[in-house]
Amino acid sequence: MDYDVAIVGYGPTGMVLAALLGQAGRRVVVLERYAGLYNLPRAAAFDDETMRTFQKLGIAEKLLAGTNIQSGYVWVNGQDEVLLDIEYDNPGPCGWPAQYMMYQPHLEDVLDQHVRGIEGVEVRHGVTVTGLAETDEGVTLTGQSIAGDTVSLNARYVVGCDGGNGFVRGYLNGQLDDLGFFENWLVCDFQMKRNVPGLPSFRQICRPEQPVSIVNIGPSHHRFSFRLEEGDTRESVTAPERVWPRVADYLTQDDADLIRVANYTFRSCIVDLWRKGRVMLAGDAAHQMPPFLAQGMVSGIRDARNLAWKLAMVLDGASGALLDSYQPEREPHVRFITGKAIELGRVQTMRDPVEARARDARMIAARNANQKPDKLVYPPLSGGLIANHGALMPQGLVSTTAGTGLFDDIVGTGWLLVARNSAALAALSAADVENFAGLGGTTVHFALDEMVGGAPVFDTNGLYRRWFDKTGAVAALVRPDSHVYGLAETPQALPALLQDLFAALGAHETVAV
């Protein structure tokens, strides 16, 4: 077999999946139909969970040059009255600021350089995949290079990260569930020449006659997006001479250069089949959502994080049935986020003036009553390979005698057994400990509520004491993607939780992922 995994598509989802699989020691090829990187911005932001994935890859700090930490998000009406003022946590639950605005070409440059430096990972640009043929042992991919040459290779698994119009989605032939959100927008990106006082960094103008979104997309770049009218055509709105009047209240040509104008239709749809045999979908190939929560790219990277460690374990001997957990875990999460994005979009872009005035009155009254908007909390994973809980294990500062850092850097990101104190581990047998180590698992405990014996890891900023107190657990089994497989409320419950995990994974040999 030529490769363990072939990835079709080299956007952020495909890049992250290739990097994670390469980090796990797998042989990977990426096939991308374009001759080079796209080199234009599309996504505008990512969150602390995504930065935690970049942290795992060792590139978090390299990305900072193309990002701005965003402290908040403001909605105003047509009279510039504040309707909503959202504050982003810093740090968020994953240990990094909860919202980064980013310039996507910089992110892709960093990811590309990282992927190309991983032994065993090969990137082939200018190859259009035209055929897939599955066998008992793998998949044969055929395609054509830009030069017209036929390309053929074999991989044990294929993941389509080639977008909503990509070849792999068509090959799987799943049904598309259209969630009914369909809006025509004009997206205009600018490279700033100078600072412009008063230019909003992240603002939604909820004006019925012309909804507008103003977003910084990393240092020295800004985006204006305009909801279009039903009769507007691409030709009538994308000419530069028609763009500048739209932004005249904020920018002039002395302030910025117009670098990109795109007419997008914001859609909301989810494919009902993410896997068939050895072929899978991830990112926009599996789901598309409107941008009002800035979660499109982020959701694709979540797919990659969920899928990478499972593929690595299957390639190391685990049952292929482990891959059956991928869609049951990820699809409900995607549906929740897509639904929330649609809900926000409909509130923001309300076109009926009477309904918009009623919305404004409700939201202004809530602000005057000092009612802060609820924090949006994404649901935990359920089903699949989850015994209970399913949320992300939070990441805080921890210390050892060797130093202080974020939890994942100090403890690791494979299978983890994290205990409140040593007493929580007392009921484990030697076989339990050995079998968990056989998964590549790491066992670590704090010394919360213990006065004798100490601990290998210290809860430096108190996050883990608060978390254990809130959950009522004494120990947590954490997956390689940092989601909690299950909590044990007593030391006596922990051996059974481990046995459930062993049974779910089946007998196999593996390495840490």
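Residues numbered from 1 in each chain as written. Predicted model: local features only at pLDDT ≥ 70, side-chain atom pairs only at ≥ 80, totals over all residues. Heavy atoms only, no water.

Enquirer: Quick one: what's the story with unusual backbone geometry, residue by residue and with numbers?
Expert: Omega for the peptide link from Asn90 to Pro91 comes to 5°, which places this bond in the cis form. Note on placement: Pro91 falls in the loop between strand 6 (82-87) and strand 7 (99-102). Of note, the phi angle at Asn39 is positive, near 65°, even though the residue is not glycine. Tracing the backbone shows Asn39 in the loop between strand 2 (28-32) and strand 3 (45-47). Phi is positive for Asn173, close to 60°, though the residue is something other than glycine. Secondary-structure assignment places Asn173 in the loop between helix 5 (167-172) and strand 12 (176-192). (Helix = DSSP H or I, 4+ residues; strand = E, 2+ residues; numbered from the N terminus.)

Enquirer: Outline the pattern of salt bridges, supporting the account with residue identities and numerical values.
Expert: If you walk through the whole model with that rule in mind, you get 30 salt bridges. For Asp303, the salt bridge goes to Arg330, with nearest N and O atoms at 2.7 Å. With a gap of 27 residues between them, Asp303 in helix 8 (residues 296-315) and Arg330 in helix 9 (residues 326-348) connect regions that are remote in the sequence. Note on accessibility: Asp303 and Arg330 belong to one class, buried. Among the salt bridges present, the one from Glu329 reaches Arg479, with a minimum N-O distance of 2.7 Å. Here Arg479 lies in the loop between strand 25 (475-478) and strand 26 (484-488) and Glu329 lies in helix 9, a separation of 150 residues in the sequence. For Glu329, a relative accessible area of 1% translates into the label buried. Each of Asp4, Arg26, Arg27 and Asp316 takes part in one network of salt bridges that share partners. (Salt bridge = Lys/Arg side-chain N within 4 Å of Asp/Glu carboxyl O. Buried < 20%, exposed > 50% of the residue type's maximum accessible area, 1.4 Å probe, protein only.)

Enquirer: Account for helix 8, naming residues and giving values.
Expert: Taking 1.5 Å per residue, 20 residues should reach 28 Å; helix 8 reaches 29 Å between its end C-alpha atoms and fits that length. Among the 20 residues in helix 8, 19 count as buried, and that is most of the element. Residue Gly317 follows helix 8 closely and has a positive phi angle near 125°. (Expected span 1.5 Å × (residues − 1).)

Enquirer: Requested: an account of the pairing of strand 11 (residues 150-160), with residues and values cited.
Expert: With five bridges connecting them, strand 1 (residues 3-8) and strand 11 associate as parallel partners. The residue bridging Tyr3 from the neighbouring strand is Ala155, located in strand 11. With six bridges joining them, strand 10 (residues 139-145) and strand 11 adopt antiparallel strand pairing. The residue bridging Thr140 from the neighbouring strand is Asn154, located in strand 11. Adjacent in sequence and paired antiparallel, strand 10 and strand 11 are bridged by four residues, among which Gly148 carries a positive phi angle near 95°. Relative to strand 18 (residues 279-281), strand 11 is paired through three bridges, and the arrangement is parallel. Looking across to strand 18, one finds that Val158 is bridged to Val279. (Pairing = 2+ DSSP bridges.)

Enquirer: I'd like to hear about the sheet that holds strand 6, residue by residue, with values.
Expert: With respect to topology, eight strands assemble into an open sheet ordered 6-5-13-14-15-12-16-19, the strand pairing being mixed. Edge positions in the sheet fall to strand 6 and strand 19 (287-288), since each has one partner strand and no second. The sheet strands contacting helix 9 are strand 5 (72-77), strand 12, strand 13 (202-206), strand 16 (256-271) and strand 19, and the helix crosses strand 12 at an angle near 65°. Across the sheet, helix 10 (residues 353-368) lies against strand 5, strand 6 and strand 13, angled at about 55° from strand 6, the strand it touches most. (Contact = heavy atoms within 4.5 Å. Axes fitted to C-alpha atoms, helices over the stretch in contact; angles between N-to-C directions.)

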